[in-house]
Amino acid sequence: MERTIQRVVFAPTGAYHRALERSLATTGLPLAKINPRHARRFAEALGQLAKTDRLDAALLARFGALLEPPTRPVPTPTLDAMKELLVARQALIKDRTAALNRQKIVRSPLLRRQLAQRLRQIAHQLAAIEAHLLNLCKGDADLAPRLAILMSVPGIAQATALSLLVGMPELGSLDQGQVASLAGVAPVAHDSGTSRSRRMIRGGRANLRQALYMPALVAARFNPDLKAKYQALVAAKKPAEVALTAIMRKLIILANALLRDQRHWTPQPA
């Protein structure tokens, strides 16, 4: 009897899953890449504590059959290359922060010279990575216009636009709830009985949420529409972090809508 493959479920395992993902993508099979933590918690909910390759394979099959995780297209080779560069960029930024912090406390002239040399090296490497990222993006017929649309929004600069394109390739094809949830800026209820706790954000893609933080600060000052929203929230006695999270959510929803409609940002009429 012929069977139809509904989805191939797998969990990322560092460098090892990438070749499998690319190979399966060429066959046109529907792929569902799931968070390894979700798979482990699923196993614990079933009472399965042992872990072997055979048990993991059976577990993933059961996970896919019961929960039907969504299938998503594999990132293009350009997006895959850009993601690797963005990860390297984030590592360099952490190195730069650590070096700047050490520079404030070291007393040895030798160490100070080495730190200054390292900071110059980091600056050179960051510039090279950012230039290569931009060239890759502008050389892609699909990504180049998407980058221009995102950068038309006051508050979203080049680095953030690139992070959004790589971190959420689905942007432009989601509804408001989905895009806010994936970015980790949707308020999550935590109620029980008559108790109503304060809504908090959690989950989503942490790197994307971090990428939205500084643009939200800028947008709250210089984007006319979002500035008015931020000021209204503050006037309503909302905590500053709550108001800023709302701006982050508005930004990602706006970016999604603009990419969906393939149009640049324009200010709302007064």
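Residues numbered from 1 in each chain as written. Predicted model: local features only at pLDDT ≥ 70, side-chain atom pairs only at ≥ 80, totals over all residues. Heavy atoms only, no water.

Participant: Requested: an account of the overall build of the protein chain, with residues and values cited.
Facilitator: Helices and strands together make up the secondary structure of the protein chain, namely 11 helices and four strands. Considering only C-alpha atoms, the protein chain reaches an extent of 65 × 55 × 45 Å along its principal axes. Relative to its full complement of 270 residues, the protein chain shows a buried share of 33%. Here the analysis covers contacts within the protein chain between residues at least 6 apart in sequence; of these, 59% occur between residues at least 24 apart. Just so you have it, the protein chain exposes about 17,100 Å², and 56% of that area is on carbon and sulfur atoms. (Helix = DSSP H or I, 4+ residues; strand = E, 2+ residues; numbered from the N terminus. Buried < 20%, exposed > 50% of the residue type's maximum accessible area, 1.4 Å probe, protein only. Contact = heavy atoms within 4.5 Å. Areas by Shrake-Rupley, 256 points an atom, 1.4 Å probe, with all protein chains shown as cover.)

Participant: Which residues make up the side chain of N256, and what values do they have?
Facilitator: Within the secondary structure, N256 is located in helix α11 (residues 240-261). Given the relative accessible area of 2%, N256 is considered buried. Those residues in contact with N256 that sit more than four places away from it in its chain are E170, L171, G172, S173, L174, D175 and V179.

Participant: Go over the environment of L24, please, and point to the residues and values.
Facilitator: Inspection of the secondary structure puts L24 in helix α1 (residues 16-27). Sequence separation between L24 and V74 is 50 residues; the distance between their C-alpha atoms is 9.3 Å. Other than its neighbours up to four places away in sequence, L24 contacts V8, L29 and L31.

Participant: Could you give an account of the packing of helix α5 (residues 109-138) against helix α6 (residues 143-151), naming the residues involved and the relevant values?
Facilitator: With their axes 7 Å apart at the nearest point, α5 and α6 run at an angle of 115 degrees to one another. Between α5 and α6, the crossing angle belongs to the class labelled roughly perpendicular. Here α5 contributes L134, C137 and K138 to the contact with α6, which in turn contributes L143, A144 and L147. Along the lines of polarity and charge, the residues of the contact of α5 with α6 split into five nonpolar, no polar and one charged. (Axes fitted to C-alpha atoms, helices over the stretch in contact; angles between N-to-C directions. Parallel < 35°, antiparallel > 145°, perpendicular 65-115°, else oblique. Nonpolar A, V, L, I, M, F, W, Y, C, P; charged D, E, K, R; others polar.)

Participant: Can you lay out the side chain of T78 for me, pointing to particular residues and giving the numbers?
Facilitator: Positionally, T78 belongs in helix α4 (residues 77-103). At 3.5 Å, the side chain of T78 forms a polar contact with the side chain of D140. Apart from the residues lying within four places of it in its own chain, the contact partners of T78 are L136, D140 and L143. (Polar contact = N/O pair within 3.5 Å; in protein donor to acceptor, adjacent residues only side chain to side chain.)

Participant: An account of the packing of aromatic side chains is requested, with residue identities and associated values reported.
Facilitator: Per the counting criterion, the structure on display carries one aromatic pair. Each ring, one from F42 and one from F63, has its centre 5.2 Å from the other, and the planes form 75 degrees; the classification is edge-to-face. Linking F42 in helix α2 (residues 36-45) with F63 in helix α3 (residues 53-67), this pair joins segments that are 21 residues apart in sequence. (Phe/Tyr/Trp six-rings, centres within 6.5 Å; stacked < 30°, edge-to-face > 60°.)

Participant: Go over the environment of L143, please, and point to the residues and values.
Facilitator: Note that L143 resides in helix α6. A sequence separation of 19 residues divides L143 from L162, and the C-alpha atoms of the two residues are 9.4 Å apart. Residues in contact with L143, not counting those within four places in the same chain, are T78, L79, M82, C137 and L165.

Participant: Describe in detail the domain arrangement of the protein chain, supporting the description with residues and values.
Facilitator: On domain assignment, one finds that the protein chain holds domain 1 (8-67), domain 2 (77-140) and domain 3 (167-188 + 205-261). Distance from the C-alpha centre of domain 1 to the C-alpha centre of domain 2: 34 Å. (Domains from an automatic or database assignment.)

Participant: Lay out α3 in plain terms, naming residues and giving numbers.
Facilitator: Spanning 15 residues, α3 covers 21 Å between terminal C-alpha atoms, matching the ideal 21 Å at 1.5 Å per step. If you check which residues of α3 are buried, you get D56, L59, L60, F63 and G64. Summarising the axial view, the buried residues of α3 lie within an arc of 135 degrees, below the 170-degree limit, and thus occupy one face. Counted as exposed and oriented over 90 degrees from the buried face of α3: R54, A61, A65 and L66. Where α3 is buried, its residues meet β1 (8-10) and α2. Once α3 ends, the next one or two residues include E68, with phi positive near 50 degrees. (Expected span 1.5 Å × (residues − 1). Arc of directions from axis to C-beta.)

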